[in-house]
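Commentary on secondary and tertiary structure
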Amino acid sequence: MSSKELILGRIRQALGSSPAEPDIPRDYRTGAAPVDLDLLVERLVDYKAVVHRTSDVSGAIAEIIGSGTLVVPPGLPGEWLPPEVPVRRDDGLSAAEIAAADGVVTAAAVAVVETGTIVLDASDDQGRRILSLLPDLHICVLRPEQVVASVPEAVAQLEPTRPLTWISGPSATSDIELNRVEGVHGPRNLHVILWETA
Amino acid sequence: MSTFLGMPAYAPRGVGHLRGDEPFPEAARTALANPQLRRNLQHATTTIRGKSGAVIAELPDWQELRSAGSALKAYTMANLPRLLEQLEERVTAAGGVVHWAADATEANRIVTDLVKATGEQRVIKIKSMATMEIGLNEALEDAGITPVETDLAELIVQLGHDKPSHILVPAIHRNRSEIREIFLSEMPGVDPDLTDDPPVLAAAARRYLRETFLSTKVAVSGANFGIAETGTLAVVESEGNGRMCLTLPETLITVMGIEKLVPTWQDLEVFLQLLPRASTGERMNPYTSMWTGVAPGDGPQNFHLVLLDNGRTAVLADEVGRQALHCIRCSACLNVCPVYERTGGHAYGSVYPGPIGAILSPQLTGVEDNASLPYASSLCGACFDACPVKIDIPSILVHLRNQVPHPRAERTAMAAAAYTMDHPKLYERAQKAARLAKLLGKRGRGLPPPLNGWSSSRDLPTPPSETFRDWWRGR
């Protein structure tokens, strides 16, 4: 008997002939609710992300990165990048090459107002997961139409089989005396550019 | 004797960390004699209760979410065979390999063999209750493989040659200055001018582990959720060590208890709202990673999922106790428990401490092996109120107390008490005797051996100077 058969047999034995199967009450909030961008900004800032509301993405990026270097995913729009900043596009960069960059710029798949969360789904303008992980600065460009009010709306919009990374503020820990401290292994600086076209 | 092989089995003895070296009352006495520990715990649990209460109050539908979470878990348990096979099929279709482990010994062997097959001598680990439960680190070390814990609290425990004492924050019993001491004496290459400022301590861990993340080719993780419908696994974390382990290595091995299953992708909308608010008191934890099998060109190209029983089917067999399998390991019940706040986690003996541990550990091992844990509670009910999936912990504690084998003296005394109360004349004489007993002994309030165990931690009421019957006759 394989362990699979053994375990499934044990479960059936444990459950008996007709285990009660409850209905699932889904009377919590679902469905589309109005998006409050001011609240999104407040929630992002509360968890120590820096937010820039602007129509000038490349200008904002230039200001954030200063004289540093950038890595970007293959599908990031070229017009977002400031011409004077040294940029390496990810065409299979090594971990060391990615880690050597001062910052990374990505787009996002979805953002959640209520929790101050941005979600990356590894599309061409967001890149492989490693890309937004190793540099110490993550600049994420978000368009207002990507923002939803609640977690259920975000779950409904995402494609589960893509690699997903939900990000709520920079890397942090609660491991010292159960208080939140920013800055452990992930990017210690998270800048969100909310791209509001005039 | 013939044994039906499909009978639910307890977690085996001699492997893993579900059984303590001494019963709870003895271990608790040691812990209670440590005022530093009590100060650390009180500070930490007070902090987290405040944070958690504030973010839960922001959600108008918290109770509706709890009800949905509870029902989803009950549904999952009722459909476990079908959902597990669905998960296996989806993970396999997405390029992963699924293994089934009946107990800790088998799970350890599967993981050790998988690591050996890569030829690597070192693995990086994400904090995982399941791998702690089965004693995977010891098994890997026995095979000459070095497991490196990458979660900050786990690192503190590992460097301090210590044991975890909390589900979420295994080093909750350490304060910042103790953590600084551990880092200074045990962390190779640490800055000797290290201060006890938490951001400085976090930065020290970042520097220490960075190279290990970049050079290790195998990672071992647990899973917070496994979605049957899609084969997607989710790990919820804060520091980014999880993202490192799930992204950088070539091989990823995930050990998941069979109860961590969630039926559909949509169901995550419930648990992703419940877990962070109940757990770290955040609207959302900093990072959640989700992956389905292998993503070509992105992350580990070899993925193994080990599905673990290790006593869980025995828990499932108890119609009252099976609710314990609904636990999503948030640790809210620890943070509100007046007993946990005073004794800390080590006193419970198992990797699962606090109220949830007091119902889960005895059911995983069989009540005989953790007989004192169902009593490690005042039954105040705070854990039930705090539980995001509404596990009725107090009722299960009482249910398990009924299964604990009672010592002969206690059974004899209870039988005698029942007989006496059934016979008015005897009862009257016993009441008079109780008054006389007051004159005996120093305090006059304890019971004689062998029943003194019961009265050593409880004050007996002072017998009145006159019984009701005497008063009634005399009026």
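A brief structural summary. Model, not experiment: these values are computed from the prediction.

Next up on the list: the sheet that holds strand S10 (residues 302-308) of chain B. A sheet is described by the order of its strands in space; here six strands give the open sequence S1-S10-S7-S4-S2-S3 (chain B), paired in parallel fashion. Only two strands of the sheet have a single partner each, and these edge strands are strand S1 (97-101) and strand S3 (146-149) of chain B. Shown here is a sheet whose adjacent strand axes are inclined to one another by a mean of 25°, direction ignored. Helix-sheet contacts for helix H1 (residues 3-15) of chain A involve S1 and S10 of chain B, and the interaxial angle to S1(B) is about 60°.

Okay, the layout of surface pockets next. Residues and elements named next belong to chain B. Roughly 930 Å³ of internal volume is contained in the second largest pocket. At the level of secondary structure, the elements contributing two or more residues to the lining of the second largest pocket comprise helix H1 (24-32), helix H2 (35-57), helix H6 (129-133), helix H7 (136-142) and helix H8 (152-159). Looking at the lining of the second largest pocket, its residues break down into ten nonpolar, 20 polar and 13 charged. Taken domain by domain, the makeup of the lining of the second largest pocket includes at least three residues from each of domain 1 (24-31 + 313-401) and domain 2 (59-310).

Next up on the list: the sheet that holds strand S4 (residues 103-106) of chain A. By way of backbone hydrogen bonds, the strands of a sheet pair with one another, either parallel or antiparallel. Residue and element names in this part refer to chain A. A sheet is described by the order of its strands in space; here six strands give the open sequence S1-S12-S7-S4-S2-S3, paired in parallel fashion. Lying at the two open borders of the sheet, with one neighbouring strand each, are strand S1 (50-54) and strand S3 (87-89). With direction set aside, neighbouring strand axes in the sheet form an average angle of 20°. Across six bridges, the pairing between strand S7 (residues 137-142) and strand S12 (residues 189-195) is parallel. Pairing of Leu142 across the sheet is with Leu194, part of S12. Against the sheet, helix H2 (residues 37-46) contacts S1, S7 and S12, and its axis sits at roughly 150° relative to S1.

With that settled, consider the pattern of salt bridges. Residues and elements named next belong to chain B. Counted according to the given criterion, the structure contains 35 salt bridges over all chains. Of the charged contacts, one joins Lys125 and Glu149 as a salt bridge, the two residues approaching to 3.0 Å between their closest N and O atoms. Separated by 24 residues along the polypeptide, Lys125 in strand S2 (residues 122-125) and Glu149 in strand S3 bring together distant segments of the chain. For Lys125, a relative accessible area of 2% translates into the label buried. We classify Glu149 as buried; its relative accessible area is 3%. Here Lys260 makes a salt bridge to Glu259, at a shortest N to O gap of 3.4 Å.

What counts, and at which threshold
- Residues numbered from 1 in each chain as written.
- Chains lettered and ligands numbered in written order.
- Predicted model: local features only at pLDDT ≥ 70, side-chain atom pairs only at ≥ 80, totals over all residues.
- Heavy atoms only, no water.
- Pairing = 2+ DSSP bridges.
- Helix = DSSP H or I, 4+ residues; strand = E, 2+ residues; numbered from the N terminus.
- Axes fitted to C-alpha atoms, helices over the stretch in contact; angles between N-to-C directions.
- Contact = heavy atoms within 4.5 Å.
- 1 Å grid on protein atoms, 1.4 Å probe; cavity = no way out; pocket = protein on both sides within 12 Å on 5 of 7 lines; lining within 4 Å.
- Points joined across faces, edges and corners; volume = space filled by probe spheres on them.
- Nonpolar A, V, L, I, M, F, W, Y, C, P; charged D, E, K, R; others polar.
- Domains from an automatic or database assignment.
- Salt bridge = Lys/Arg side-chain N within 4 Å of Asp/Glu carboxyl O.
- Buried < 20%, exposed > 50% of the residue type's maximum accessible area, 1.4 Å probe, protein only.

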